[in-house]
Amino acid sequence: MTAVSDLTPADAEALTALSREYEWWADREVADVRRALHGSDVAVGVEDDDDLVAAARVLTDYTYYARVFDVIVASDRRGEGLGRELMVAVRDHPNLQSVTGLSLLCRRGLVSFYESVGFELFDSEIEFPEGGAEELVRMTYEHESHNS
């Protein structure tokens, strides 16, 4: 039987182990994950028999914006509804109920999954109050070394 709970920095080892299933997160270290959990406004996990099998983190200003990060489900447990259970817990988390917009980035192949839990595609073109429209673009900046 699964249980949903808030994650804390004490859960860093379990989350690091779960993250290693994904190639792009395989180099994450326990100390860094602990810091990430400490800096997360909301972190939710799904456990089954005391094993962390799904997790997600959220950063928010508690008013206008909340962004979901690091959604993960154990590879051998996909297709069992754990992702849905996780995302419903995130979406309905008591600390996020006053937030106007909950958002995330995902691969195109996951759009239908996120739509099934209430997310909608964001139209990348916005209209300006003074007239006209323009497409929004995603921009990132990555420090050469996060340990500097």
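In what follows, the structure referred to is the one given above.
Residues numbered from 1 in each chain as written. Predicted model: local features only at pLDDT ≥ 70, side-chain atom pairs only at ≥ 80, totals over all residues. Heavy atoms only, no water.

Quick look at the side chain of Asp-70 now. Mapped onto the elements of the fold, Asp-70 is located in strand S4 (residues 65-73). Using a relative accessible area of 18% as the deciding quantity, one classes Asp-70 as buried. Reaching out from Asp-70, the side chain makes a polar contact with the side chain of Arg-57 at a distance of 2.9 Å. (Helix = DSSP H or I, 4+ residues; strand = E, 2+ residues; numbered from the N terminus. Buried < 20%, exposed > 50% of the residue type's maximum accessible area, 1.4 Å probe, protein only. Polar contact = N/O pair within 3.5 Å; in protein donor to acceptor, adjacent residues only side chain to side chain.)

What follows covers the environment of Ala-55. By the element assignment, Ala-55 lies in strand S3 (residues 51-60). Residue classification places Ala-55 among the buried residues on the basis of a relative accessible area of 1%. The spacing of Ala-55 and Ser-19 is 36 residues in sequence and 9.3 Å in space, taken between C-alpha atoms. Every residue in contact with Ala-55, bar those within four places of it in the chain, is listed here: Leu-7, Leu-15, Leu-18, Val-44, Gly-45, Asp-70, Val-71, Ile-72 and Leu-86. (Contact = heavy atoms within 4.5 Å.)

What follows is about a negative patch on the surface. Side chains of Asp-123, Glu-125, Glu-127 and Glu-135 sit close together on the surface and give a patch of like negative charge. Positionally, Glu-125 belongs in strand S6 (residues 125-127). (Patch = residues over 30% accessible without salt bridge, like charges linked within 9 Å, V, L, I, M, F, W, Y side chains within 5 Å. Areas by Shrake-Rupley, 256 points an atom, 1.4 Å probe, with all protein chains shown as cover. Salt bridge = Lys/Arg side-chain N within 4 Å of Asp/Glu carboxyl O. Lys, Arg positive; Asp, Glu negative; His and termini not counted. Charge placed at Lys NZ, Arg CZ, Asp CG, Glu CD.)

With that settled, consider the packing of helix H1 (residues 12-19) against helix H2 (residues 30-39). When two helices pack together, their arrangement is given by the angle between their axes and by how far apart the axes lie. Contact geometry for H1 and H2: axes closest at 8 Å, N-to-C directions at 115 degrees. Here H1 lies roughly perpendicular to H2, going by the angle between them. The two elements H1 and H2 meet at a crossing, and its hand is right-handed. The segment H1 lies against H2, with Ala-12, Glu-13, Leu-15 and Thr-16 engaging Val-30, Val-33, Arg-34 and Leu-37. Looking at side-chain class alone, the contact of H1 with H2 contains five nonpolar, one polar and two charged residues. (Axes fitted to C-alpha atoms, helices over the stretch in contact; angles between N-to-C directions. Parallel < 35°, antiparallel > 145°, perpendicular 65-115°, else oblique. Left-handed = near helix turned anticlockwise from the far one by under 90°. Nonpolar A, V, L, I, M, F, W, Y, C, P; charged D, E, K, R; others polar.)

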